[in-house]
Amino acid sequence: TYDDLTGEATLTLPAYIPCGDERELSIEVWAEDEAEQSSDVFEATVPLVSTAQVAEQGDIQTAMDVNAGDEFCGWGDHEDDYDYIEFSVPTSGDWGAILRWTAQSADFDLFLWDDKPKGPKLDHAHGSLQPEVVESPLFSSGWYVFGVRQYGTQSSEWNLRVTN
């Protein structure tokens, strides 16, 4: 986008940054008008950092209060590999998560449990297509757990985004 009043432009690019990783984006920008008059070239290198919280492999990652848009990531490296994210919600309502993974031939399942891993199941999404999506009414006074399970032998990184 370009703002005629300020002369400032914003460029939004979709970028994938691996779980817990840092990358750099190098850009060159210039302007050209209808008469093909060009401006000077502006070059910059911008650091990009994954904002997802890394889930501990096979352990319970305690997240305390989660908010819509919070992200978690991890890695499935063997069949029946579970990662857990224990959390509470700041307000009662319908809460859930969207799970995606990088290797298209991988398969993951997503669980939402009440109180503890493998406790009372509130929702479960499974199948070979992504994304996997779960949702359930949750209460601000309780603790809940998202479980990410690798189903099959294809290793892959996964990303979970909290929804409300």
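These numbers come from a predicted model, not from an experiment.

About the cut-offs
Residues numbered from 1 in each chain as written. Predicted model: local features only at pLDDT ≥ 70, side-chain atom pairs only at ≥ 80, totals over all residues. Heavy atoms only, no water. Phe/Tyr/Trp six-rings, centres within 6.5 Å; stacked < 30°, edge-to-face > 60°. Helix = DSSP H or I, 4+ residues; strand = E, 2+ residues; numbered from the N terminus. Buried < 20%, exposed > 50% of the residue type's maximum accessible area, 1.4 Å probe, protein only. Salt bridge = Lys/Arg side-chain N within 4 Å of Asp/Glu carboxyl O. Polar contact = N/O pair within 3.5 Å; in protein donor to acceptor, adjacent residues only side chain to side chain. Contact = heavy atoms within 4.5 Å. Pairing = 2+ DSSP bridges. Patch = residues over 30% accessible without salt bridge, like charges linked within 9 Å, V, L, I, M, F, W, Y side chains within 5 Å. Areas by Shrake-Rupley, 256 points an atom, 1.4 Å probe, with all protein chains shown as cover. Lys, Arg positive; Asp, Glu negative; His and termini not counted. Charge placed at Lys NZ, Arg CZ, Asp CG, Glu CD.

Trainee: What exactly am I supposed to notice about the packing of aromatic side chains here?
Mentor: Centre-to-centre distance and the angle between the planes together describe a pair of aromatic rings. By the definition in use, this model includes eight aromatic pairs. Here the aromatic rings of Tyr82 and Tyr84 are separated by 5.7 Å at their centres, their planes lie at 10°, and the arrangement is stacked. Here the aromatic rings of Phe87 and Phe146 are separated by 4.4 Å at their centres, their planes lie at 15°, and the arrangement is stacked. Pair noted here: Phe87 is in strand β6 (residues 82–88) and Phe146 is in strand β11 (residues 144–150), with a separation of 59 residues, a long-range link. An identical accessibility class is assigned to Phe87 and Phe146; each is buried. Put simply, the rings of Tyr82, Tyr84, Phe111 and Trp113 pair up and form one aromatic cluster.

Trainee: In this structure, what is going on with the pattern of salt bridges? I would like to understand it.
Mentor: Two side chains that carry opposite charge are able to pair once their charged atoms sit near each other. The tally for this structure, following the rule as stated, stands at three salt bridges. As a salt-bridge pair, Arg149 and Asp80 come within 2.6 Å of each other at their nearest N and O atoms. Here Arg149 is found in strand β11, whereas its partner Asp80 is found in the loop between β5 (71–76) and β6, with 69 residues between them in sequence. Residue Arg149 is joined to Asp109 by a salt bridge in which the shortest nitrogen-to-oxygen separation is 3.2 Å. Here the residue Arg149 occupies a position in strand β11, and Asp109 occupies one in strand β8 (residues 108–114), the gap between them amounting to 40 residues. Assigned by exposure class, Arg149 and Asp109 land together as buried. Salt bridges linked by common partners bring Asp80, Asp109 and Arg149 together as one network.

Trainee: I keep staring at the side chain of Gln150 and nothing clicks. Help me out?
Mentor: When you line up the elements, Gln150 lands in strand β11. In this structure the side chain of Gln150 is engaged in a polar contact, spanning 3.0 Å, whose partner is the backbone nitrogen of Asp77. If sequence neighbours within four positions are ignored, Gln150 has contacts with Gly76, Asp77, His78, Glu79, Asp80, Asp81, Asp107, Phe108 and Ser155.

Trainee: Just checking my understanding: could you explain the pairing of β8 for this structure?
Mentor: Residues in a regular strand project their side chains so that they alternate between the two faces of the sheet. The element β8 is extensively covered by neighbouring structure, given that six of its seven residues are classed as buried. In terms of strand pairing, β8 meets β11 through seven bridges, oriented antiparallel. Residue Asp109 lies in a different strand from β11, and its bridge partner there is Arg149. Bridging between β8 and strand β9 (residues 121–125) involves four bridges; their strand directions are antiparallel. Bridging across to β9, Trp113 finds its partner in Lys121.

Trainee: Would you take a moment to explain a negative patch on the surface for this structure?
Mentor: Residues Glu32, Asp33, Glu34 and Glu36 make up a contiguous surface patch of negative charge. Tracing the backbone through its elements, the reader meets Asp33 in the loop between β1 (22–29) and β2 (42–49).

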